[in-house]
Amino acid sequence: MIVAQQQPDTATPANGTDRAHAALAALTTPSSVAPVVPDDAPFDAGQRQWLNGLLTGLTVLARAAHNSQGGSAELQAPAPPVTVLYGSQSGNCEALSKELRKAARAAGFDPKVSELNAVTPAELSGLGRVLIVCSTFGEGDPPDNAAKFCSQLNTDDAPSLAGLDFAVCGMGDSSYTHFNKTGRDLDARLAELGASRVAEFVACDVDYEDDFAAWKQAVFASEAFASAADNQAGGAGAAPDDVDPAEKFTKANPFPATALEVRNLSGMNSAKEVIHVELSLAGSGLGYEVGDALGLLPTNCTGLVQQALDAVGLTGREVVSVKGEPMPLRAALLDRLDLCTVTAKTCELLGIEHEVPDGTHAVDLLEQIEAKPEPQQLVEALRPLAPRLYSIASSPNAHPGEVHLTVGAVRYASNGRPRKGVASTFLADRCGCGTKVGVYLQRSAHFHLPADGVPLIMIGPGTGIAPFRAFLEERATREDPGRNWLFFGDQHEADDFLYREQIESWLADGTLDRFDAAWSRDQAEKVYVQDRMLEQGAELWRWLESDAAVYVCGDASRMAKDVDAALHRVVAEHGRMSEADAAAFVDRLKAEHRYQRDVY
C-alpha cells in the first residue's frame, strides 16, 4: 500500500503487497526523497497525511543515522582528505593532533591521524595535504615517534615533494637553547623538497593555546584548504568523535582533586626526598589507563611571591589583566605566572641587554633592574606558570577513584640562593590531606601495558619506577599470566628502595618474576641499571626472543641514553649481530611498539 516516490517504472511492484514491501525496504536505504502513501490506498485523507508525515520523519532519521555511521547522503561528494601527523614525547602533540582532526572534519575534510614514524617521505607526496604538529625533545632532538621519519627526510636521496600542501606547528619550551628545533627543521626541509607551505611555521611555547589556535585558523583559511572545502559538495560536517570524559577537564579547566595522603618514601639518611601522593578523583568521571600521565597545576610559594613584589616595590593589590581576566597582582603571581624561568621576552620587556648567567631566575632579574616595571608590564614579562606532567603510579583497578604519584622534591642552591621546584615542593610542603589540587589527564599513545601474556621488561630507576608500580598493580589485579622483570636502582638500598614492601610482596606471590637492583653508592664502584642489563644480557636476549616488550622511564639526559646503548649492545652480543643489524632490530622493536620510553 506504500510506494517509494520517483521510482523507475521497471522497479514498481505489480501489486499492493509487493509495493508495501518495496516501500519498507526503501526506508532502510537512505535517499534524498521519502516514500509516500499512494492515492488508491485504503486510507482517508487525514490518515494518508499522517502516514506521509511519519514516513518523511523516518526517512530523515534513517539518512542521519546512515551519515553518522560513515555513509553519505545522495548528491554529496566524498570529503577531501587531509593527513594529520604528530611527533610527541609526552602526549601533548598527539592530543593537539586529535583536536586538529575535529577542526578538519568541521571544515569539510576527511582527516586521518597518525604518528610521523608511521609514514615515509616517499608516501608524503601522495597524501596531498599534510598538517604536522611536532615537539622538540632533549637537546634539539625529535621525539621517539618522529625520529625515524626525520632521519629519512634528511637523507640525500629524499624524494621530491612537489604537489604536497603542508603546514607545521612546533611545540617547545623557550627556556631551552634549541627551542622548537625539530619543528623548524621539518618546515624548512619540506619546503626544500618542493612542498608548498600553506601557513607559516609557528613555534609554540609552553603557553601554546593562542598561537596554536591562530596557526589552525591560518591553515583552514589558506587558499589550498579553503578551495578544497568549497569544492566539496555539502561538506563532511563535524562527525562526532568518541567523547572522552577527560576532555571536560583540561589545563585550562582542571578538576579540583582532593589530596588524600602525602608521605615521604625516602629514608632518613637519603640525599633525596621522594614523596608518594594520593589524590581523589571522586566526582570527576575521570578514568585513566596505567601508562597515562597526570597534569598538575601548582602554585608558587607565598615567600617567592612576596620576594618578587618587594623587588619591584608593589603591594600585590594592583589590578592586572592575565589573558583578559582582571585580578589582583598577588593572585596572578601566586597562581598564573612563572617566577623562575627567564626567556628572551622576559629580558626584552625588562630592558635587559646583557647575557643572563645560567641559574638566574626571573625574580633575581627583578631585583637587579633599576627601572622597575609597571604592574601590567611585569605580567607581560613573565611566562605563564605551566602545569607539570607526572607518570601515574597507580592502577585504577587497584585504587578505584584515586590516582597516585611518585614525585622527587627538587631543592638546590644557585647563585648563592636556595632554590626549589615549583610543583614538587608545592606537593611536598604545602599539600596535605584535604588540599585541593587542579589536575587533568594526559593520555599516552603507546606507553600502556602490552597484551595479556606478553613478557614485560621494565627499567625505571629512581622516580622512574612510578608507571611500573602501576603496571604491576594492574597485572596483579588482572591475574595476567605475562612474566614481569623489573630493573630498579638508586643511591643506597637502605634509604632509597622505593616501594620496597610492595616489590617484595610481588616477588613472593609471583607477580614479579625477576628483580635486578642497582645501588650506585653501596660499593666503591658505581653500578647503574644499564650495568645490570649487561650482566643479565643472555637472559635479556632470551626474553626478547620470546617477544618481550621493553619499557623505560626516568631521566632522559643520561639514563635513557645509557639504557638504549646497553640494549643495542645486548642485542648485538647475544643475538650475534653486527652493530647495523642490532640497530635495525631495535628499530623494529620501536616500530612494533615493543620498545617504549617515558623519559623527561
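Residues numbered from 1 in each chain as written. Predicted model: local features only at pLDDT ≥ 70, side-chain atom pairs only at ≥ 80, totals over all residues. Heavy atoms only, no water.

Asker: Kindly report on the pattern of salt bridges, identifying the contributing residues and their values.
Answerer: For side chains of opposite charge, pairing can occur when their charged atoms come near one another. One pass over the full model with this rule turns up 33 salt bridges. One salt bridge in this structure joins E209 and K323, with 4.0 Å as the shortest N-O distance. Here E209, found in helix 7 (residues 209-221), pairs with K323, found in the loop between strand 10 (319-322) and strand 11 (325-328); they are 114 residues apart in sequence, far enough to count as distant. For K323, a relative accessible area of 51% gives the class exposed. Salt-bridge contacts for D452 lead to R478; the nearest nitrogen and oxygen are separated by 2.9 Å. In this pair, D452 sits in the loop between strand 16 (436-442) and strand 17 (456-459) while R478 sits in helix 15 (residues 466-478), placing the two residues 26 residues apart along the sequence. Within the structure, one salt-bridge network assembled from shared partners comprises D173, D205, D338 and R383. (Salt bridge = Lys/Arg side-chain N within 4 Å of Asp/Glu carboxyl O. Helix = DSSP H or I, 4+ residues; strand = E, 2+ residues; numbered from the N terminus. Buried < 20%, exposed > 50% of the residue type's maximum accessible area, 1.4 Å probe, protein only.)

Asker: Please provide a residue-by-residue account of unusual backbone geometry, values included.
Answerer: One non-glycine residue, N180, adopts positive backbone phi at about 60°. Assignment of secondary structure puts N180 in the loop between strand 4 (165-171) and helix 6 (181-192). Under the relative-accessibility criterion, N180 is labelled buried at 1%. Positive phi, close to 60°, is recorded for H593, a residue that is not glycine.

Asker: Could you give me a rundown of the packing of aromatic side chains, with the residues and numbers involved?
Answerer: By the definition in use, this model includes 17 aromatic pairs. Ring centres of F220 and F225 lie 5.7 Å apart, and the angle between their planes is 90°; this geometry places the pair in the edge-to-face category. Residue F220 is classed as buried on the basis of its relative accessible area of 17%. Judged by its relative accessible area of 0%, F225 is buried. (Phe/Tyr/Trp six-rings, centres within 6.5 Å; stacked < 30°, edge-to-face > 60°.)

Asker: Can you break down the nonpolar core residue by residue, with the values?
Answerer: Buried together is how nonpolar side chains tend to be arranged in soluble globular proteins. L329 and L333 are the most contacted members of the largest nonpolar core, which totals 33 residues. For L329, the residues in contact, after removing those within four places along its chain, are L309, L314, G316, E318, V320, P375, L378 and V379. Core analysis: the next-biggest nonpolar cluster, separate from the first, contains 31 residues, V527, V552, M559 and V586 among them. (Core = buried A, V, L, I, M, F, W, Y, C linked by side-chain atoms within 4.5 Å. Contact = heavy atoms within 4.5 Å.)

Asker: Let's hear about the pairing of strand 2 (residues 110-115): which residues, and what values?
Answerer: When strand 1 (residues 81-87) meets strand 2, the two strands line up parallel, connected through 6 bridges. Along strand 2, the bridge assignment pairs V84 with V113. Remark: the strand 1/helix 3 (residues 92-106)/strand 2 crossover connection has right-handed handedness. (Pairing = 2+ DSSP bridges. Right-handed = clockwise from strand over helix to strand, strands pointing away.)

Asker: Got a sec to walk through the packing of helix 5 (residues 144-153) against helix 6? Specific residues and values, please.
Answerer: In the contact formed by helix 5 and helix 6, the axes pass within 11 Å of each other and the chain directions differ by 40°. For the element pair helix 5 and helix 6, the recorded crossing hand is left-handed. Contacts from F149, C150 and L153 in helix 5 reach T182, L186, R189 and L190 in helix 6. Looking at the contact of helix 5 with helix 6 residue by residue, the classes come out as 5 nonpolar, 1 polar and 1 charged. (Axes fitted to C-alpha atoms, helices over the stretch in contact; angles between N-to-C directions. Left-handed = near helix turned anticlockwise from the far one by under 90°. Nonpolar A, V, L, I, M, F, W, Y, C, P; charged D, E, K, R; others polar.)

Asker: Tell me about the sheet that holds strand 13 (residues 402-408), and name the residues and values.
Answerer: Pairing is antiparallel in the open sheet, where 6 strands are placed in the order 12-9-16-7-8-13. Of all the strands in the sheet, the pair left with one neighbour each is strand 12 (388-391) and strand 13. Averaged over neighbouring strand pairs, the angle between their axes works out to 40° when direction is ignored. Where helix 14 (residues 422-430) meets the sheet, its contacts fall on strand 7 (255-264), strand 8 (274-280), strand 9 (293-297), strand 12, strand 13 and strand 16, and the angle it forms with strand 12 comes to roughly 65°.

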